[in-house]
Amino acid sequence: MNSKKRQALKRLGYTDYRPLQEEAIDALSAGQDVVLAAPTGGGKSLIYQSAGLLRNGVAVIVSPLISLMTQQVDQLNAKGIHAKFLNSTLNPGEQDDLVWSIRHNRIEFLYLSPEKLIQPSIMGLLQSVDIALFAIDEAHCIAQWGGDFRPEYSQLGRVKQSFFNVPIIALTGSADNKTLKGIQSSLGISKADIFKGRIDRPNIQIQIAQKKQAKHQILHFLHHEVSGQSGIIYCRSRNKTEELCAWLRHLGFNSLTYHAAMKDEDKQQSHETFSRDNGAIMVATTAYGMGIDLPQIRFVIHMDIPNTPEAYYQEIGRAGRDGKAAKALLLYGLQDMLKAQQLVSNSPEQARLELTKLTSLFQILEDRQCRKVSVLAHFDETTEVCGICDRCTSKQSEHNATIACQKLLSLIYYTKGTQAFSTLIQVLLGKRTKTTSSIQAEKLSLFGKGKELTEAQWKTVIRHLLAFQYIQIVGNHHFLVQLNEKARQVLKGEIQVILVNDHYYPRLTEEELMA
Ligand code: ADP
Ligand code: ZN
């Protein structure tokens, strides 16, 4: 390491760089644009802080998180480094002072929000001084999917246009290559060097299983797998968090709730109790997340399907921050998949993006291989089989389901895709119900021709066909199933479909718990 780098490191209070950090700093300080994707705790801030000190001029840090900006500014100032936060809470006098300091090169780091940066007066000011670099934090907010999209971010392309000689570093948590490409093109930094930190968390054991009386499955998990330990249970709806929390309380668990509709002081209270008490269980919507970094969380349960693989991986990643063994359990079924699909946005463009993400997640859920391998493959990271997930540890059996698939696909074809999956299953099982008689199902040649499978097994077939896009739901206002090209290939016998036999997570009754 050269003396300048060592000096910068020392001013920032560290003795050594981590491997990825030094490479990224070298690229950035040489004027190269950089995209950096690394999980939380990966040490991203040291990169732009070091490079900022190594280059001439003020380093401009753009972030949507006010708390992060105040914190970093305080930390830098405590180390005798000149950092300032430009925000709307400054009074006119303070703002003038800050502008003066920037003009006279008295500032080494300037933190501001994206909406502030794109104001013409600020852009103009920055063009009149030397800029060391731009760091765009939480750069995934540029992507139009997931929950974090911010419109101001889509205007940050102007930075490169106005400051083409100044390097940009875009920082994000774990992201797939498509997201990274999106970030590059929005920011106009197509030639950027890409650095990716490894995201594998070997201490987290993943289990994904079919849902059946979920509350009692959770009891089994709490009782047999994580007894007395702290963890988070994620639910989709606010009502569900409250209901589950109350039920767990009634059974004697120290459970808490957290969701967006709660009063700020109640949320604060919940979070504090959870942080403090050993063995507390937080039942929450995804509102409980950003910025939570508690070392003692031992498990994360998903009662419902998350929206994206990114959200799933980030949420289970809240467990085991201390590096010790931790567990993640996700329970789902066909119903959950259908519900998740219904909840996508109304705007067609947005819906398309969200469905792509959701489908990637479905494929992870339905995949036959090691859970770690399939989740990490989504992030373009390869890994050895983990040896501890449900796929690795259970002796699962597989069967050729091609004939069953052909029956179901034919039935969809003959009913023109208009019938709900539950109706199709009733037809295949030869059940006479109001619905089946209303469509004169007895007259269909496939009526009662699917009795070799149970209702649950038929659901498995449908889940698989949906996840791997043999079929897709296309109706906006009415339910409508479309057969894709792959479905035709199955019908013609050109492809075989192999399914894993379903694995239900065990259940514990309340009585067993009390005994
Ligand atoms: P991120 O922004 O990627 O979530 P941070 O920049 O907040 O990560 O760093 C996470 C933690 O790692 C911080 O506590 C930081 O002090 C520490 N850290 C980062 N780089 C180093 C290093 N080279 N040596 C020692 N500690 C480091
Ligand atoms: Zn595995």
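Residues numbered from 1 in each chain as written. Chains lettered and ligands numbered in written order. Predicted model: local features only at pLDDT ≥ 70, side-chain atom pairs only at ≥ 80, totals over all residues.

In the annotation of an unreviewed UniProt entry, the protein is listed under the name ATP-dependent DNA helicase RecQ and assigned to Marinomonas aquiplantarum. In its Catalytic activity (unreviewed entry) section, UniProt records this for the protein: "Couples ATP hydrolysis with the unwinding of duplex DNA by translocating in the 3'-5' direction." (UniProt positions renumbered as here; feature names shortened; annotations may be inferred.)

Asker: Outline the nonpolar core, supporting the account with residue identities and numerical values.
Answerer: Counting 83 residues, the largest nonpolar core has Ile233, Met282, Val283 and Leu408 as its most contacted members. If sequence neighbours within four positions are ignored, Leu408 has contacts with Leu424, Leu428, Val461 and Ile462. Counting 61 residues, the second largest nonpolar core, distinct from the first, contains Ala37, Leu86, Ile102 and Ala139. (Core = buried A, V, L, I, M, F, W, Y, C linked by C-beta atoms within 7 Å. Buried ≥ 20, exposed ≤ 12 C-beta atoms within 10 Å, placed from the backbone. Contact = placed C-beta atoms within 7 Å.)

Asker: Describe the pairing of strand E1 (residues 34-37), and please don't skip the residues or the numbers.
Answerer: Judged by which residues are buried, E1 turns out to be covered on both faces: Val34 and Leu36 on one side and Val35 and Ala37 on the other are all buried. Bridging between E1 and strand E6 (residues 168-172) involves four bridges; their strand directions are parallel. Its bridge partner being in E6, Leu36 is matched across the sheet by Leu171. For E1 and strand E7 (residues 193-196), the ladder comprises four bridges, and the chain directions are parallel. In the strand pairing of E7, Leu36 is matched with Phe195. (Helix = DSSP H or I, 4+ residues; strand = E, 2+ residues; numbered from the N terminus. Pairing = 2+ DSSP bridges.)

Asker: Kindly report on the environment of Cys141, identifying the contributing residues and their values.
Answerer: With respect to the helices, strands and loops of the structure, Cys141 is situated in the loop between strand E5 (131-136) and helix H8 (157-162). Residue class for Cys141 comes out buried when judged on the 23 C-beta atoms lying within 10 Å of it.

Asker: Pulling in residues and values, what's your account of the site of ligand 1?
Answerer: Ligand 1 sits among 13 residues. The nearest are Thr40, Gly42, Gly43, Lys44 and Ser45. Here the shell around ligand 1 is built from residues that sort into four nonpolar, six polar and three charged. (Near = placed C-beta within 6 Å. Nonpolar A, V, L, I, M, F, W, Y, C, P; charged D, E, K, R; others polar.)

Asker: Break down unusual backbone geometry for me, citing the residues and quoting the values.
Answerer: Phi at Glu138 takes a positive value of approximately 50°, unusual for a residue other than glycine. The residue Glu138 is located in the loop between E5 and H8 in this model. Phi at Gln440 takes a positive value of approximately 55°, unusual for a residue other than glycine. Positionally, Gln440 belongs in the loop between helix H20 (434-438) and helix H21 (455-467). Assessed through the 9 C-beta atoms surrounding it within 10 Å, Gln440 is described here as exposed.

Asker: Provide a residue-level description of helix H19 (residues 421-429), including the pertinent values.
Answerer: In terms of burial, H19 is a largely internal element, seven of the nine residues being buried. Of all the residues in H19, the buried ones are Phe421, Thr423, Leu424, Ile425, Gln426, Val427 and Leu428. Next to the buried residues of H19 lie helix H14 (334-342), helix H18 (402-414), H20 and H21.

Asker: Describe the confidence of the model for the protein, with residues and values.
Answerer: Scored by pLDDT, the protein has a mean of 93; 99% of the residues are at 70 or more. Scored by ipTM, the complex comes to 0.96, with pTM at 0.81. (pLDDT = per-residue confidence, 0-100.)

Asker: Explain the sheet that holds strand E11 (residues 281-284) to me, using residue names and the numbers behind them.
Answerer: With parallel pairing, the six strands of this open sheet are ordered in space as E8-E13-E12-E9-E11-E10. At either margin of the open sheet sits one strand with a lone partner, and together these are strand E8 (204-210) and strand E10 (255-258). On average, each strand axis in the sheet is inclined to that of its neighbour by 15°, with strand direction left out of account. Summarising the sheet, E8 and strand E13 (residues 326-332) pair through seven bridges and their orientation is parallel. Paired with Ile208 across the strands is Leu330, a residue of E13. (Axes fitted to C-alpha atoms, helices over the stretch in contact; angles between N-to-C directions.)

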